[in-house]
Amino acid sequence: MDSAVVCNICGLQYTLPDDDAVENLPHALLCGHVFCVSCLHALESPQSVITCPECQLDTKLGEEGMDGLQVDSRIVGLIYTSKMNKRSSHGGRAWRGRRFRNPPSPPSPPAAHPMQSTGMVHDQEMVKVLDDALRKATKNLNTLHDQHQSLVQGIQAQQKKEKTRITKEIEDCIEKATDILHRRGGVLRSELSQLEQSFSAGQEACQRLEARHTRLSLAVQKARHVRQVPSLETYCHLDQVLETLQEPVDTESFDSSCLTLRSGLSCVLNVDSLTEAVQNCLKITDCSDELESEAPAPPGPAETPPSGRVRRGRSGERRRGRSGERRGRGSPRLSSSPESPLQDLQTWTPPHPADRQNTDHHPDVIIEEIIEEGDRGTERHAPEPKQRLKQKVQKKTRKAQQDRVPGAHQKALRAWVAITHVVDPTHFYVRYMAERKAGVALTRKIGQFCSDACSHFTVRDQLSTGMLVFVRWKDEMWCRALVSELFQEGCLEPVSQCPVSEVARLRVFFQDYGFSKALAVSCDGGLGGLNKGLRKADGLVQSDLHHWAPQAVRCSLKDVIPSDLVKGWSKEACQEMKRIIGSNAVEMQVLGEDGDTLLVDLKTPSMESTMNNTTFSLREHLVFMELARFYSPLAPSGGRRPLQFYPPVHPRLNTEFSAVVSHVNTPSDFYIQLVDNNEFLLLNSKLQDCYGSPRAESDLQIYCPVLAQACVALYNGKDWCRAVVTGFSGGQLVEVKYVDFGNKTTVSVKDLRQIKNEFFALPTMAVWCSLADVVSLENPWSHHAINVFRELTENKFVTVVATKHVSKHTAVPVCLFEVSEHSSEHLVSLGETLVREGLASFSRQVPLTEPSPLEKSVWDPPLVESGSAAVEPAVSEPLGPDLTGVQPNLTLPTSLKDLRVRVTHVTSPSNIFVQLVQSDAQLKRIHDALSREYLKSEPREVDWRAEMMCAANVNGVWERGTVCSVSGGVAKVVRCDFGNTVKLHMSNLRPLVPRLHGSLLLECCLGGIRPAGGRSTWTATACDFISYYLTGATAVMTIKDPSAARPVPVSLFCANRAGQDVNVADFLISEGLALRERRAKAATAPKPEAARPEDAGCGSGAGLACLDERASTSGDVACGESHRPPCTSPPKPAPRTTPPPERVQTQAYLPPELPPHGLTRMSVCAVSDDGVIYVMTPQAECEFERLQESLQQHIKTLPRLKPYNWKNVQGCAVMGPDLLWYRGQVQEVIGGHLKVRYVDQGVVENIPVCHVYPKVLCEDVPQLCVPCQIHGVIPVGRAWQWDAVALMKEFLLGRSLGVQVMELPEDPRGLVTVEIMLDGMPLSRIMVHHQHATVDPDVSSTEDYVVSAPVPNLDDWDINIEGLEEPPVVLGVYSNLKLPDEGQRFQVQIKHVRTPNKVVLSLLKTSKCEDESLEEALNQVNSDPAGLTQLTDFPIEGPCLAEYSDGKYYRAKLLGLELNPSLRLLVRHVDFGSDDLLPPSKLRCLPPSLLRFPCEAVCVQLAGFKPPVDCGELERISYCPEWSMRSMLEMIDLLHGPLCAMVTAVKPKLTVQLYNADGTLVYVPLVEKGLAEYD
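The shown structure was predicted, so the numbers you read here are calculated from the model rather than taken from an experiment.

Caption draft 1: Molecular detail of the overall build of the chain. A tally of helices and strands in the chain yields 29 helices and 79 strands. When contacts within the chain are restricted to residue pairs at least 6 apart in sequence, those whose partners lie at least 24 apart make up 65%.

Caption draft 2: Here's a closer look at the pairing of strand S14 (residues 468–474). With 6 of its 7 residues buried, S14 lies for the most part within the structure. Sheet analysis places S14 next to strand S15 (residues 477–488), joined by 6 bridges and oriented antiparallel. In the sheet register, Arg-472 faces S15, and the bridge partner there is Trp-478. The pairing of S14 with strand S19 (residues 534–536) spans 3 bridges and is antiparallel. Its bridge partner being in S19, Phe-470 is matched across the sheet by Arg-535.

Caption draft 3: Examining the sheet that holds strand S1 (residues 26–28) more closely. The 3 strands lie next to each other as S2-S1-S5, forming an open sheet whose pairing is antiparallel. Strand pairing shows two members of the sheet lacking a second neighbour, strand S2 (34–36) and strand S5 (70–71), which therefore form its edges. For S1 and S2, the ladder comprises 3 bridges, and the chain directions are antiparallel. Counted as the bridge partner of Pro-26 is Cys-36 from S2.

Caption draft 4: Spatial organisation of the sheet that holds strand S73 (residues 1498–1502). Spatially, the 5 strands close up into a barrel ordered S66-S67-S73-S78-S77, and their pairing is mixed. Across this sheet, the average inter-strand angle for adjacent strands is 55 degrees, counted without regard to direction. Where strand S66 (residues 1385–1395) lies against strand S77 (residues 1539–1545), 4 bridges are found, and the strand directions are antiparallel. In the sheet register, Phe-1386 faces S77, and the bridge partner there is Ala-1541. Here helix H28 (residues 1525–1534) sits on the sheet and contacts S66, S73 and strand S78 (1551–1556); the angle it forms with S66, its principal contact strand, is near 155 degrees.

Caption draft 5: View of the environment of Ser-1481. Along the polypeptide, Ser-1481 turns up in the loop between strand S71 (1475–1478) and strand S72 (1483–1484). Separated by 39 residues in sequence, Ser-1481 and Ala-1442 place their C-alpha atoms 9.6 Å apart.

Caption draft 6: Structural view of the pattern of salt bridges. Scanning the entire structure with this criterion turns up 28 salt bridges. Note that Lys-168 and Asp-172 form a salt bridge whose closest N and O atoms lie 3.4 Å from each other. In this pair, Lys-168 and Asp-172 both sit in helix H3 (residues 113–190), 4 residues apart, roughly one turn of the helix. The class for Lys-168 is partly exposed, based on a relative accessible area of 43%. A salt bridge links Glu-1513 to Arg-1526; the nearest nitrogen and oxygen atoms lie 3.1 Å apart. Of this pair, Glu-1513 sits in the loop between strand S74 (1505–1506) and strand S75 (1516–1517) while Arg-1526 sits in helix H28; the two residues are 13 residues apart in sequence, bridging distant segments of the chain. Accessibility expressed as a relative area gives 28% for Glu-1513, which makes it partly exposed. A cluster of three or more residues bridged by salt bridges with shared partners is formed by Glu-162, Arg-165 and Glu-169.

Quick notes on the rules
Residues numbered from 1 in each chain as written. Predicted model: local features only at pLDDT ≥ 70, side-chain atom pairs only at ≥ 80, totals over all residues. Heavy atoms only, no water. Helix = DSSP H or I, 4+ residues; strand = E, 2+ residues; numbered from the N terminus. Contact = heavy atoms within 4.5 Å. Buried < 20%, exposed > 50% of the residue type's maximum accessible area, 1.4 Å probe, protein only. Pairing = 2+ DSSP bridges. Axes fitted to C-alpha atoms, helices over the stretch in contact; angles between N-to-C directions. Salt bridge = Lys/Arg side-chain N within 4 Å of Asp/Glu carboxyl O.

Below is the structure:
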């Protein structure tokens, strides 16, 4: 196989699992289209559904995912066969070459000694040849063995996948069959509605019984009245009453056993028939066995396949949508050769179909539909009724007609067809491959009609145009046709009707094939010659065939016209179309319809690469061959817009960048490329590798480009570059624009290639620019000005500064400066150069002055590391001369809209601190100046007081600050440039230089909103909410009133997860945390004019009084109002008023009973968002159950809903989600909801107002839950964060734990300080370990580092325990490994690799303590492991001995613990760097003798390289996603062997350079392979 099998989407080659390349198997979707694994992963949706890009059919993935899809065995077989053929051919040629390269020498003439030497040489050469052959044979045997193993493993894996797939299909079929049985059961159950008619006798007996009961009841009533009043005897027939009362009851006549209470119906299951049907309907078959050779369409009786089963199944549609080889069976073959099948009819042979073999061999589970048909001459068993067969034909015909014409909702219908007749590319006929079996059935039916004698013409019959007749085509093959022309004997013109005996010749149209045929009738004096080739169709036959739609469908290639409109379609165009299509089945894409003609496009496999499943359009091929042209620009295939490149990334405003001018049209129209872009260099290299191969010319050739189509074009005849089509020049020439350079050129269509999806990832590199503030003296620019500008800029390095934000489709106004070798020199503006030379002018008055140095771009402010390059020289100099250009205070820009800011600190929506992004350069200069001044300074004795400016060392960076307060050697300092407050020791403060006093921070607030709930201050929820989302975020700010006092009202817009800018104020309102600020309505009265005498006596106060009077009373006249014109507006109705809310006031519930000091068993019922833990004692739990019963009895109905004023409501009654009443306390009003805390459980919820009742229930019962706080820790940020609260909820909720009460509050409603024990571990230490809190120095001590369970309160027993106490455990810490000084190389050994740039190493030369090494000390300890004490205390970072997998103990330290499902501790082996998770039983106390040895391993950072920005590796390291797994494995391989290290930095991280034995850097191969980048 010369041409590779590649995927249709990505163009990558399919590979087998045993290839050297990565496995890339072809998988088939349900529709039959085949794609590679990577493309299927890209198409997979989160719902595990894959939509086919070809036919839009959805495929649902099962539990196995991609492995559950069927592998295309045809393609796998082709790959494997090609691979075997290549190996065998290569091996054979090599063997033959070696065999005949050194043939044995011919025998020499007889001689004495020379003969012996010649024979010896001959023997040596023969032995050498044999040795070479044996070595090659041994190698071949090993190769064959490896191939055999690979083939066996592949077969086993394929068998497993096939078994899983077939099992799933069996289950699906059984489920469908079960649904069919359920539907049949539903039909039978619906027939039971008429079951009442079977019990008519019983119903009549019931009616008689009811009538007898009525008469007897009436008689009893009359008898009782007569008995009470005897005079009523005269008003009734007493004899009849007595007779009715004494009449006996015939029990036998009303006995149910005497009646026939059976319907005679029963449900019978024919087990034998069902078993046979199931065996026929559900089976596993091989598709290759079910492919039978079908007769050419239309087949004759002799070629009709035998009657049997027509199989249909789920795989039928899937097979119908696959490649042309699998759909082309039975496709007609085009032919124009004349043939005379009849002696009496002179005619030419129409196109006849031909068979094709199906190569699909996939077994499928199918459901068979049994059609009882038989060949002529064979006996039919159980013939189908005619009416049922007719209904089935109608149903199939309607379905075929629906499938042919695309609906309005379908974009493009795709089907496999065979062309039966071609008139020209806009007039041809096709037959659907899916209807070939229907055509066979139709041919049989027509043959049956024509075999009957009643189909012969008689003398009384007449022929007319449009009449349906049957025409014999081959021997016994009859087809239906319509009479189109009719010629009568003796007439030269066609007639519309004539007797059959006078027909001379006629022309018929085969409606199942689309061609016409001329027939001549022999004059033999009778109808014998006519009846041999024609048969009539009577009315019954026509009605029977009326439901069979014509098999031939007229089609036309859409939007294609002849290349010469005057001459029309050429003969070469039709011949080329027939040559391309041939007898193959092709894929037809329906693009529309015009009357009875379908507008289509035909897709046929490429003739040059028939093995790679690639297809090309017939329309594009005809246009490419210049046999046709498009009527209008061709729309993209499938109705989808072509993929476009990402627009270029515009440079930031007022920031200096280095660039290259790639192309110049004019000074107002040129393109630049930003330099230092390694991604573009890598992209260019990949383009040359991908499109430089000869295979790309055949696989990725573009035949018909489209406007705005992205492609790859040849640049200057040697390099391939990304481009986009911009126009057509004619003559196979296309105008393209190179998107990475900006220039346009005209290339041939042969120099265009399809672009792969991977080359869309990088945005276009060419940025469209124009010179800012410079205009041309002439319109347009003169040639001299353009040439001068090109000489100055084109293909040269320049410095670019963008001056204005513009859209993506507008040129960016920039300032260009020449690149200077010395940074101290002033940059020369190229725009001013053009102005000085008189070639341009400024668009506004700009003085020609020497430009000042521009700001350098700052990407990562403001950290400054030692040894890093700074903008200014890092020497200790006085600050005076170096403050040039430094602005210590913030200066607002002229435009106050759409300012890019960075939020540094948020206290509340009314107190937000932001930094302008454009001030980053100033901030860096200030930090550099502070670093130079104070980096090596010593602490001074300064009397620090509040409001003093200082230079503060915060996390190693010198910043400006303001002292807030000082206590105990610790100062609270506000960071002037960030806004937050930090606590620093006095030694980290220095007096600030006066010239640096100031701040680059802007204090602002969100305008237009106010706190929700009628409060004047913001709630803690709103503050925490906005602080969480805004702190550290980049936003767009608009200042509303810059003159207002600080904080300035602003509008902030932040991007959400979808990338959309959201107004933060509106977001708070939507969350119910804020309300829109009320605005006073303007007065509606007109303004009084100046110097009006009638208003002179009404001052400002009087005016307000008049306005109030008019607002309060209607009908009164204000002062001066009589002189105003009368109001002409109609009177407004009085506004509807609602009664004010009822003012209620309730008291809070009694505070809880606080537990005593000591250890108590409690259950945790809730953890609030602020970290408060609510616990209940066992007594409180019992009381809560009794309280609930009392509450449900107290309130049995929902109180009447009234509007209440909740301002003074504290205690209330709450209806919970379970519709039970609870006691609650109102905390906040949020719109139509109330934030309520359940006082007996501690849970906080937002409850609708209608479910809250302002009533205190059981006011004498105190709150049953106790609020608590954790002892001895301080939350990070002085408030518990959401992740810390989530961790506490996971650990505590619903558990009964031991709670040690440490301190009771003074306020009974305050928080109780407790220590909660979790399986012996205090909760405070767990929170400290997870870095959610820090140890409170005022509470904890060094002795409290070893935590033990609190001792419960015991009675005071007089027990002497002297001498029984165990000595306290003495803990210490390991000493770190001391590495040589910086700059010295030393030999190391890698112990552990965490990431490619983070390893654990040790020195090869180990130290000894007192002539004893660590290894000897460990061997001595491991010699008697039973003598080691088990570890009982687990302090974090505490030393211990940990058991390794080899059963020995090594030094370790504790890192953390895990409680799920059991207690396990995370330890780190300090001498190796690896981590392990062990149970407490595998930990031992560390002997003091082992603590004196320093750690033999240290974790270091490798300098010089970093993770790549763009890496195509999909498998990543889970704990460090920046690195790929392949880079990790490659780095592990590079670290084997002797290595040397050199320390380059100690702070902030220990960083080393790692060298090989030859002195080369270890990471260089990693960078060369593209798995890392230089740092």
